[in-house]
Amino acid sequence: GSHLFRESMSMSSGRLVLDTSLGAISLALLSAAAPLTVNHIKSLVSANLYDNCCFYRSDFVIQCGLQTPDGRSVPNPYDDLSVNESQSPANKAVGNKRGTAAVAHWDVPDCGNSEFFINLSDNMHLNDAYGGYCVFAQIQEEDNESWETVDRIANVIKNDPQQRPRIHHIQVLLV
């Protein structure tokens, strides 16, 4: 009994599929590592909050949030995340490795806002910096399309910081 339970805890609890102007990114949600954070992000996605927003940063992460490709801010009618799960043993075990997605936050550690980033390389210092950045999803290792899309977005922004690849829509899939 407990073996099956343990195994199901480590498995993905669905995924986010980001439909961007440069391709699709599929992120497996990590509910066992960040249950409250995953629920928060799923509620923002379900409210279509990210539709027509963009990726605007590319250095050691690509970051997206509530701004449109022409630079306008999109209001978040929902509260910021009131908890930071980055210090839990389950979240530390995942860590800010290449291909993981984590919630951005202000310099106040115990919060998370509606922005998130995808790590372009192993950024393990982010596990503790400013109270830690909570990982809530990751690209599956064999998912070449998602890896290529992430790298394409990063390169487009690096080559021209005015470029802001658009997120058309994000959907939550249960498998």
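Located above this text is the structure these notes cover.
**Some points on helix α4 (residues 144–159)**
Over its 16 residues, α4 extends 22 Å from the first C-alpha to the last, a length consistent with the 22 Å expected when each residue adds 1.5 Å. Within the span of α4, buried status applies to S146, W147, T149, V150, I153, A154 and I157. For α4, the angular spread of buried residues about the axis comes to 165 degrees, placing them on one side.

**Observations regarding helix α2 (residues 35–46)**
Compared with an ideal rise of 1.5 Å per residue, which puts 12 residues at 16 Å, α2 spans 16 Å between its outermost C-alpha atoms and is within 8% of the ideal. Taken together, the buried positions of α2 are occupied by T37, V38, H40, I41, L44 and V45. Buried residues along α2 cover an arc of 160 degrees about the axis, so they all sit on one side. In this structure, the buried residues of α2 make contact with β1 (15–20), β2 (23–29), β5 (100–103), β7 (135–138) and β8 (166–173). One or two residues past the end of α2 sits N48, with phi positive at roughly 60 degrees.

**Section: the sheet that holds β1**
As a general point, the strands of a sheet are linked pairwise by backbone hydrogen bonds and lie either parallel or antiparallel. The sheet built from eight strands closes into a barrel, its strands ordered β1-β2-β7-β5-β6-β4-β3-β8 with antiparallel pairing. Here the average twist between neighbouring strands, direction ignored, is 35 degrees. In terms of strand pairing, β2 meets β7 through two bridges, oriented antiparallel. Bridge assignment links L29 to a residue of β7, and that residue is A137. Against the sheet, α2 makes contact with β1, β2, β5, β7 and β8, and its axis sits at roughly 120 degrees relative to β8, the strand it touches most. Lying on the sheet, α4 is in contact with β1, β2, β3 (53–58), β4 (61–65) and β6 (116–119); it crosses β2 at an angle near 120 degrees.

Here is what the cut-offs are and how they apply
- Residues numbered from 1 in each chain as written.
- Predicted model: local features only at pLDDT ≥ 70, side-chain atom pairs only at ≥ 80, totals over all residues.
- Heavy atoms only, no water.
- Helix = DSSP H or I, 4+ residues; strand = E, 2+ residues; numbered from the N terminus.
- Expected span 1.5 Å × (residues − 1).
- Buried < 20%, exposed > 50% of the residue type's maximum accessible area, 1.4 Å probe, protein only.
- Arc of directions from axis to C-beta.
- Contact = heavy atoms within 4.5 Å.
- Pairing = 2+ DSSP bridges.
- Axes fitted to C-alpha atoms, helices over the stretch in contact; angles between N-to-C directions.

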